[in-house]
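# Architecture and fold: a report
What follows is each chain in one-letter form.
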Amino acid sequence: MTEDELARRGIDLDKPNAARVYDYILGGELNYAVDRMFAEQVLSAQPNARERAQLNRQWLRRAIRFGMDNGIRQFLDIGSGMPTVGHVHEVAQAIDPRSRVVYVDNEPVAVAHSEIVLEDNENAAMVFADAEFPDDVLEHETTEMMLDLDQPVMVVMALFVHFIPDERDPARLLASYRDALAPGSYLALSSATHEHQSDGTARAVAMYQKSSNPVVPRSADELRKLVDGFEIVDPGIVFIPEWRPDAASDVPDDPAECGGLALVARKD
């Protein structure tokens, strides 16, 4: 893109962006030099960062299947990032092609490429909005067209809430989404954590403080407070690979090495 096009789309190449860095770590191509340089620094501090990203993506697929098993056919993916293989609509629609998915992100590259990927999918769409303003998401014409909020929905927040610092009141943000959901809805959430982490994790987190998206790792107790009003389903708040693994062999010897916690919770 030209400099004018980058500016028009709101793409800032002076700082790395979390969605594009994550795309690079997952092996994608929707990133820029500033993102790749930053990602390599993260990989130097945290050599298993790629494995961590893959473990989170595997958890996401398990959470979506759990939602489908419990009758969910509508999904709202907050902070969805780049359209990579195995995203929500692919998992859900492989089980039931009628499943509806709305992705939400405010990163222009993620939005532009998602729109291309979803162009021929009548049951999945992208919303360009800041998820920290729930009304902008929930009242968006695309959301209102795709999702019936009078029926159960699974809200997905995969590695999203750790980008919301305490001073921006993440508990209130989650409560806003919770209050808009029908009984029987679910929240699937994963987050970076500081519990049982190595010095390499601390160095990687420190690096993110210099990016466009500083990270706030949280404990299980802190996440439990954020999801007040939901009932956390078994096995509770656990390290990401421990959440309903497909096989015991899928759980590393040290699950904490994944760097994050995961949960699924239900609104009664």
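The structure reproduced in this document is the subject of the present report. (Residues numbered from 1 in each chain as written. Predicted model: local features only at pLDDT ≥ 70, side-chain atom pairs only at ≥ 80, totals over all residues. Heavy atoms only, no water.)

Looking now at the overall build of the protein. Check the secondary structure of the protein and you find 11 helices and eight strands. For a compact globule of 268 residues, the expected C-alpha radius of gyration is about 18 Å, and the protein comes in at 17 Å, within 12% of that figure. The principal-axis extents of the C-alpha atoms in the protein amount to approximately 45 × 45 × 35 Å. Split into buried and exposed, the 268 residues of the protein put 56% on the buried side. When contacts within the protein are restricted to residue pairs at least 6 apart in sequence, those whose partners lie at least 24 apart make up 71%. Summing over all exposed atoms, the protein offers an accessible surface of approximately 12,400 Å²; the carbon and sulfur share of this is 47%. Looking at charge distribution, the protein has the averaged site of its 25 positive side-chain charges lying 2 Å from that of its 47 negative ones. (Helix = DSSP H or I, 4+ residues; strand = E, 2+ residues; numbered from the N terminus. Rg over C-alpha atoms; globule rule 2.2 N^0.38 Å. Buried < 20%, exposed > 50% of the residue type's maximum accessible area, 1.4 Å probe, protein only. Contact = heavy atoms within 4.5 Å. Areas by Shrake-Rupley, 256 points an atom, 1.4 Å probe, with all protein chains shown as cover. Lys, Arg positive; Asp, Glu negative; His and termini not counted. Charge placed at Lys NZ, Arg CZ, Asp CG, Glu CD.)

Attention shifts here to the packing of aromatic side chains. Applying the stated criterion across every chain, the model contains two aromatic pairs. Where Phe 66 meets Tyr 186, the ring centres are 5.6 Å apart and the plane angle is 90 degrees; that geometry is what we call edge-to-face. Of the two residues, Phe 66 sits in helix H4 (residues 49-69) while Tyr 186 sits in strand S5 (residues 186-192), which places them 120 residues apart along the sequence. Look at Tyr 186 and you get buried, because its relative accessible area is 5%. Summarising the aromatic geometry, the rings of Phe 66 and Trp 243 are spaced 5.6 Å apart at their centres and angled 85 degrees between planes, so their arrangement reads as edge-to-face. Taken together, the positions of Phe 66 in helix H4 and Trp 243 in the loop between strand S7 (238-239) and strand S8 (260-266) put the pair 177 residues apart, joining distant regions of the chain. Residue Trp 243 is classed as buried on the basis of its relative accessible area of 0%. An aromatic cluster is defined as three or more aromatic residues linked by ring pairs; in this entry it consists of Phe 66, Tyr 186 and Trp 243. Taking the ring centre of Trp 243 as reference, the NZ or CZ of Arg 244 above it sits at 5.4 Å. (Phe/Tyr/Trp six-rings, centres within 6.5 Å; stacked < 30°, edge-to-face > 60°. Lys NZ or Arg CZ within 6 Å of the ring centre and 35° of its normal.)

Here we come to the nonpolar core. A general tendency of soluble globular proteins is for nonpolar side chains to be buried together. Ile 64, Leu 76 and Ile 78 are the most contacted members of the largest nonpolar core, which has 65 residues in total. Residue contacts for Ile 78: discarding those within four places in its chain leaves Val 104, Ala 131, Val 137, Val 155, Val 156, Met 157, Phe 160 and Tyr 177. The next biggest cluster of nonpolar side chains, apart from the first, holds 16 residues, and it includes Ala 18, Tyr 24, Ile 25 and Tyr 208. (Core = buried A, V, L, I, M, F, W, Y, C linked by side-chain atoms within 4.5 Å.)

The next thing to look at is the pattern of salt bridges. Inspection of the entire model under this criterion finds 10 salt bridges. The salt bridge involving Arg 65 is made with Asp 246; its shortest N-O contact spans 2.8 Å. Of this pair, Arg 65 sits in helix H4 while Asp 246 sits in the loop between S7 and S8; the two residues are 181 residues apart in sequence, bridging distant segments of the chain. The class of Arg 65 is partly exposed, set by a relative accessible area of 29%. Arg 168 serves as the salt-bridge partner of Glu 132, at 2.7 Å between the closest nitrogen and oxygen. (Salt bridge = Lys/Arg side-chain N within 4 Å of Asp/Glu carboxyl O.)

Quick look at the environment of Met 126 now. Here Met 126 is to be found in strand S3 (residues 124-128). Residues Met 126 and Glu 231, spaced 105 residues apart in sequence, show a C-alpha to C-alpha distance of 29 Å.

Across the five residues of S3, four count as buried, placing the element largely inside the fold. Two elements, strand S2 (residues 100-105) and S3, share five bridges in a ladder whose sense is parallel. Each residue of the ladder has a partner; that of Val 101, found in S3, is Ala 124. In this fold, the crossover linking S2 to S3 by way of helix H6 (residues 108-117) has right-handed handedness. (Pairing = 2+ DSSP bridges. Right-handed = clockwise from strand over helix to strand, strands pointing away.)

Note the cis peptide between Asp 234 and Pro 235, where omega equals 10 degrees. Relative to the helices and strands, Pro 235 is located in the loop between strand S6 (231-232) and S7. Even without glycine at this site, Asp 169 takes up a positive phi of about 55 degrees. Tracing the chain through its elements places Asp 169 in the loop between strand S4 (154-158) and helix H9 (170-180).

This part covers a negative patch on the surface. Together, Asp 135, Asp 136, Glu 139, Glu 141 and Glu 144 make up a negatively charged patch on the protein surface. Broken down by secondary-structure element, the contributors of at least two residues to the negative patch are helix H7 (134-138) and helix H8 (141-146). As for its placement among the helices and strands, Asp 136 is situated in helix H7. (Patch = residues over 30% accessible without salt bridge, like charges linked within 9 Å, V, L, I, M, F, W, Y side chains within 5 Å.)

What follows is about the pairing of strand S1 (residues 74-78). Across the five residues of S1, five count as buried, placing the element largely inside the fold. Alternating residues of S1 divide into Gln 74, Leu 76 and Ile 78 and Phe 75 and Asp 77, and every residue in both groups is buried. In terms of strand pairing, S1 meets S2 through five bridges, oriented parallel. Pairing of Phe 75 across the sheet is with Val 101, part of S2. Sheet analysis places S1 next to S4, joined by three bridges and oriented parallel. Pairing of Phe 75 across the sheet is with Met 154, part of S4.

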